[in-house]
Amino acid sequence: MTHTQISLTRFLIEEQRAGRINPELRLLVEVVARACKRISIAVGKGALGGVLGDAGEAGQASINVQGEAQKKLDVLSNEILLEANAWGGHLAGLASEEMDHSQPIPDVYPRGNYLLLFDPLDGSSNIDVNVSVGTIFSVLRCPEGVTTPDDAHFLQPGSAQVAAGYCVYGPQTTLVLTVGHGTHAFTLDREVGSFILTARGMRIPEETREFAVNLSNQRFWEAPMQQYVGDLLRGKDGPRGKDFNMRWVASMVADVHRILTRGGIFSYPLDSKCAPKGGKLRLLYEANPMAFLVEQAGGAASTGRMRMLDVVPSGLHQRVPVFLGSRAEVAIAEDYHRRHDAARAPA
Ligand code: AHM
Ligand code: MG
């Protein structure tokens with residue numbers, strides 16, 4: 001008997017038949033996946049496609065709303081996603097990490113019921129050195145009665161997401177998706193051009209011996225984070241009683257993909273450099289979609305002080321501290337924060 005491969009299209013049709021998604025959401029996911037294929041091709045060409053390096057002209061860097069210099073591929077990926085998602089009739093508006101404000105779907109096209117948010121190319125400091133990067137996306141419902149959404153309509157807690165995913169452009173191009181019924185991975189068959197289901201119902205092991213953090217920031221962290229990582233580093237000789245391994249790709253998509261595959265804890269905590277902004281990673285484009293995927297795989301995601309998906313956003317580009325991955329380990333990291341805060345609370 002030949003082995004039947006399940007394409008993303010077939011998977012989504014079966015989800016629709018099972019009543020877990022409607023045709024509009026199915027089309028939305030298909031369109032995002034198609035855009036990710038185009039981005040994957042552009043990333044894969046690298047220097048041959050003339051796409052490496054900074055965006056901007058005549059030595060003048062192009063700076064985005066985050067205050068960061070844009071890479072050519074950041075700009076190109078954003079354009080691919082905008083163009084692909086404008087005309088399908090399934091969206092009311094879009095917001096991107098690379099754009100100052102959200103955009104309603106242009107008047108020339110019909111508007112649908114969903115809002116799409118994305119980080120077009122996450123981990124862009126890795127583009128020029130041929131290390132994995134990725135696209136992260138999140139889907140919300142457009143509030144009832146709103147036909148021309150503005151920024152305020154995107155400020156919904158992560159628990160309101162109806163779908164989320166990322167596509168990692170690494171040795172393989174892999175799309176990881178949740179529509180609220182488990183987390184599933186699809187590998188791009190480059191010859192055929194379709195995403196094929198390669199991991200249904202991913203599960204993150206509850207406990208771990210592996211952590212991911214940018215240790216060069218250690219001296220800028222808050223006290224509970226210093227204590228938590230200090231105890232991880234003491235390994236067998238410390239209170240944790242076991243040795244830990246460390247990994248840091250500096251591409252959230254790659255670090256989260258490893259955690260979904262074999263467990264671990266990822267953290268980008270508050271530090272004194274990013275504290276005025278609230279953290280380094282963006283709530284709506286990075287933390288929330290990853291939190292949804294991780295929870296759907298049996299893991300946990302937190303700011304260190306509360307469940308990520310319960311945070312009520314106050315701004316489109318809001319930043320937050322992030323802890324996510326193996327459930328028991330995230331609970332331990334939260335515990336360090338809880339004990340520290342309790343000791344400082346007035347009696
Ligand atoms: P970006 O969206 O501008 O690429 O920034 C987000 C990235 C994450 O992918 C990664 O976890 C983090 O920034 C790395 O930060 P650092 O360079 O401080 O280690
Ligand atoms: Mg990013």
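Bear in mind the structure is a predicted one, so any value in this text is a computation, not a measurement.

**Some words on the overall build of the protein**
Secondary structure assignment for the protein yields 7 helices and 17 strands. Relative to its length of 347 residues, the protein is compact, with a C-alpha radius of gyration of 20 Å against a globular reference of 20 Å. Burial analysis of the protein (347 residues in total) assigns 54% to the buried set. Once local pairs closer than 6 in sequence are excluded, the contacts in the protein between residues at least 24 apart make up 63%. For the protein, the accessible area works out to roughly 15200 Å², and carbon and sulfur atoms hold 51% of it. Side chains of the protein give 35 positive and 38 negative charges; the mean places of these two sets differ by 5 Å.

**With respect to the packing of helix α2 (residues 23–45) against helix α3 (residues 72–86)**
Running from N to C, α2 and α3 cross one another at 155°; their axes reach a closest spacing of 9 Å. Put simply, α2 runs roughly antiparallel to α3. The chirality of how α2 crosses α3 is right-handed. Side by side, α2 and α3 meet where Val31, Val32, Ala35, Arg38, Ile39, Ala42 and Val43 of the first sit next to Leu73, Leu76, Ser77, Ile80, Leu81, Glu83, Ala84 and Asn85 of the second.

**Remarks on the domain arrangement of the protein**
Along its sequence, the protein is carved into domain 1 (8–199) and domain 2 (210–344). Its C-alpha centre places domain 1 at a distance of 24 Å from the equivalent point of domain 2. Counting residues at the interface gives 47 residues for domain 1, matched by 30 residues for domain 2. Both sides together, the interface formed by domain 1 and domain 2 hides about 2800 Å², and carbon and sulfur atoms give 62% of it. For the domain 1 face of the interface with domain 2, the top three residues by lost area are Gln66, Leu155 and Tyr166, together amounting to 21%. The tally of links from domain 1 across to domain 2 stands at 1 salt bridge.

**Focus on the sheet that holds strand β13 (residues 265–268)**
Spatially, the 5 strands line up as an open sheet ordered β12-β11-β13-β17-β15, and their pairing is mixed. Single-partner strands in this sheet number two, and they are β12 (245–246) and β15 (300–302). With 4 bridges joining them, β13 and strand β17 (residues 322–325) adopt antiparallel strand pairing. Across the sheet, residue Ser267 finds its bridge partner in β17, namely Phe323. Along the sheet, helix α4 (residues 223–234) contacts β11 (210–212), β13 and β17; its crossing angle with β11, the most-contacted strand, is approximately 140°. Along the sheet, helix α5 (residues 252–262) contacts β11, β13 and β17; its crossing angle with β17, the most-contacted strand, is approximately 35°.

**Regarding the site of ligand 1**
Near ligand 1 lie 17 residues; those nearest to it are Asp122, Gly123, Asn214, Met252 and Tyr268. Glu97 is positioned with one of its side-chain polar atoms (N or O) 3.0 Å from an oxygen atom of ligand 1. Tyr268 has a polar side-chain atom sitting 2.6 Å from an oxygen atom of ligand 1. In the complex, the protein chains occlude 86% of the 470 Å² of accessible area that ligand 1 would expose alone. When residues of the shell around ligand 1 are traced back to their parent elements, those giving at least two are β5 (114–122), β13 and β14 (281–282). Here the residues of the shell around ligand 1 are counted per class, giving 6 nonpolar, 4 polar and 7 charged. Looking at which domains feed residues into the shell around ligand 1, each of domain 1 (8–199) and domain 2 (210–344) supplies at least three.

**Let's talk about α2**
Over its 23 residues, α2 runs 34 Å from end to end, which matches the ideal 33 Å to within 8%, given 1.5 Å per residue. Listing the buried residues of α2 in full gives Leu25, Leu28, Val29, Glu30, Val31, Val32, Ala33, Ala35, Cys36, Ile39, Ser40 and Ala42. Measuring from the side-chain oxygen of the N-cap residue of α2 to the backbone nitrogen of Glu24 gives 3.1 Å; that N-cap residue is Asn22. Count one or two residues on from α2 and you reach Gly46, which has phi positive near 50°.

Conventions adopted
Residues numbered from 1 in each chain as written. Chains lettered and ligands numbered in written order. Predicted model: local features only at pLDDT ≥ 70, side-chain atom pairs only at ≥ 80, totals over all residues. Heavy atoms only, no water. Helix = DSSP H or I, 4+ residues; strand = E, 2+ residues; numbered from the N terminus. Rg over C-alpha atoms; globule rule 2.2 N^0.38 Å. Buried < 20%, exposed > 50% of the residue type's maximum accessible area, 1.4 Å probe, protein only. Contact = heavy atoms within 4.5 Å. Areas by Shrake-Rupley, 256 points an atom, 1.4 Å probe, with all protein chains shown as cover. Lys, Arg positive; Asp, Glu negative; His and termini not counted. Charge placed at Lys NZ, Arg CZ, Asp CG, Glu CD. Axes fitted to C-alpha atoms, helices over the stretch in contact; angles between N-to-C directions. Parallel < 35°, antiparallel > 145°, perpendicular 65-115°, else oblique. Left-handed = near helix turned anticlockwise from the far one by under 90°. Domains from an automatic or database assignment. Buried area = accessible area lost by both parts, 1.4 Å probe. Salt bridge = Lys/Arg side-chain N within 4 Å of Asp/Glu carboxyl O. Pairing = 2+ DSSP bridges. Near = heavy atom within 4 Å. Polar contact = N/O pair within 3.5 Å; in protein donor to acceptor, adjacent residues only side chain to side chain. Nonpolar A, V, L, I, M, F, W, Y, C, P; charged D, E, K, R; others polar. Expected span 1.5 Å × (residues − 1).

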